[in-house]
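Architecture and fold: a report
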Amino acid sequence: MKPRPISNPTNPWDTTAVEYLEEIPPAKLEVLEDHSREVLGRNDSPDVGFTWSVNPYRGCLHACAYCYARPYHEYLGFGAGTDFETKLVVKPQAPELLRAAFERKSWKGETVAFSGVTDCYQPLEASMRLTRACLEVCAEYRNPVGIITKGPLIERDLDVLKTLAQEARISVCITLPFHDEQVARAMEPYVATPRRRLQTIERLAAAGITVGVAVAPVIPGLNDEDMVRVLTAARQAGATRAFYTLLRLPGPVSAVFEERLREKLPLRAERVLHRIRETRGGELNDSRFRVRMRGEGLYADTIRKLFETTVRRLELNTAWPRNEAEKEEETTFRRPMKPGTQLSFF
């Protein structure tokens, strides 16, 4: 990771701000520990298709300019810019906390999503292995899992994923918003190339894992032209599901995104910002539920119709609902036996 000068939008939760009078120092990578007592996060948004999530990490080394999770870093007292990319927070007790949650009588074995905030297979996972340890707990309890990631590192855990596929239920979605590798590198500088992520889809599908592609986010005027190529390539690689979301720029994300866009793609910046406003009622963001993921207006409708037409042509999302319903009936959450317990059902 190349050193970058510290650059953060003003944190509205802080009472003070730092202003450098001379040369701005580089942002240095720091790994901090979070000793929260809970690891399951509950989601009540009608725009997201899961209730429970596990986030072993906060902040993300992928450094995607458009990441909607950047504002969450401000709640920790950090910045949403380079702090989000370099001050990474880990939850070392995540597997033990997840096991404790599964042991509660109130837990009914609902699907757990990895992750709701930042990528569970970001580079830090290579050494920390927290996502893998949490997945092993899910496999032990036969608890259904959904994963969304950009990280080919998921291939390392194929053994655990296969166990979940056989004994519980698992689906994986690989996020792939760009087909053009140069544009991808500008907006998501430390993520594997689009070609490498397509290879991950292929390897997961070959292993019998239900895998889909997330064209997310679609950035009007920048990568909407990539959508058909991304969906076609993902289908050829073995994806059976697909979804998209329109770019969201909540709070400080708009400043981070615009700065990166003007720095890396200056000739396209004004056009992209204009197109975004076309889908957001003249603004860069619209936070309303049921609108924020799709946008409004003619341009947003054109993106939606292009996605739907391409998905039908490629026969994506056709068998998934029926197969998932069948698997739902087969999946039984279980609590592992304590040592010395006798089997009573043989």
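Residues numbered from 1 in each chain as written. Predicted model: local features only at pLDDT ≥ 70, side-chain atom pairs only at ≥ 80, totals over all residues. Heavy atoms only, no water.

1. Describing the overall build of the chain
Counting secondary structure elements, the chain contains 13 helices and 10 strands. Relative to the 2.2 N^0.38 estimate, which gives 20 Å for 346 residues, the radius of gyration of the chain is 21 Å and therefore close to what a compact globule would have. With the principal axes as the frame, the chain shows a C-alpha extent of 70 × 50 × 35 Å. Counting the 346 residues in the chain, one finds 51% classified as buried. Look at the contacts in the chain between residues 6 or more apart in sequence, and 78% of them connect residues 24 or more apart. Accessible area for the chain stands at about 17400 Å²; split by element, carbon and sulfur atoms hold 51% of it. Once the 50 positive and 47 negative side-chain charges of the chain are each reduced to a mean point, those two points are 4 Å apart. (Helix = DSSP H or I, 4+ residues; strand = E, 2+ residues; numbered from the N terminus. Rg over C-alpha atoms; globule rule 2.2 N^0.38 Å. Buried < 20%, exposed > 50% of the residue type's maximum accessible area, 1.4 Å probe, protein only. Contact = heavy atoms within 4.5 Å. Areas by Shrake-Rupley, 256 points an atom, 1.4 Å probe, with all protein chains shown as cover. Lys, Arg positive; Asp, Glu negative; His and termini not counted. Charge placed at Lys NZ, Arg CZ, Asp CG, Glu CD.)

2. Remarks on the sheet that holds strand E4 (residues 57-58)
Read across the open sheet, the three strands follow the order E1-E5-E4; overall the sheet is mixed. Sheet topology places strand E1 (30-33) and E4 at the edges, where each strand pairs with a single neighbour. (Pairing = 2+ DSSP bridges.)

3. Notes on the confidence of the model for the chain
Residues with a pLDDT of 70 or more make up 92% of the chain, whose mean pLDDT is 92. Contacts for the low-pLDDT stretch residues 321-329, under 50 throughout, to residues beyond four places or in other chains number five contacts. Here residues 337-346 is modelled with pLDDT under 50, and outside its nearest four sequence neighbours on either side it reaches one contact, counting other chains as well. (pLDDT = per-residue confidence, 0-100.)

4. Points about the side chain of aspartate 224
Along the chain, aspartate 224 falls in the loop between strand E9 (210-218) and helix H9 (227-237). No salt bridge forms around the buried aspartate 224; measuring N to O, its nearest opposite-charge neighbour arginine 271 is 6.0 Å away. Polar side-chain contacts of aspartate 224 include one of 3.5 Å to the backbone nitrogen of leucine 222. Contacts of aspartate 224, omitting those with residues within four sequence positions, involve Val218, Ile219, Tyr299, Ile303 and Leu306. (Salt bridge = Lys/Arg side-chain N within 4 Å of Asp/Glu carboxyl O. Polar contact = N/O pair within 3.5 Å; in protein donor to acceptor, adjacent residues only side chain to side chain.)

5. So, helix H5 (residues 130-141)
Across its 12 residues, H5 extends 17 Å between first and last C-alpha, which sits within 8% of the 16 Å expected from 1.5 Å per residue. What H5 keeps buried is the set Leu130, Thr131, Arg132, Cys134, Leu135, Val137, Cys138, Ala139 and Tyr141. (Expected span 1.5 Å × (residues − 1).)

6. A few points about the pattern of salt bridges
A full pass over the atoms with the stated rule returns 27 salt bridges. Across the pair arginine 132 and aspartate 159 runs a salt bridge, and its minimum N-O distance is 2.8 Å. Placement of the pair is arginine 132 in helix H5 and aspartate 159 in helix H6 (residues 158-167), with a sequence separation of 27 residues. Given the relative accessible area of 15%, arginine 132 is considered buried. In this structure, the salt-bridge partner of arginine 262 is glutamate 258, at a minimum N-O distance of 3.0 Å. Note that arginine 262 and glutamate 258 are positioned in helix H10 (residues 253-264) at a spacing of four residues, about one turn of the helix.

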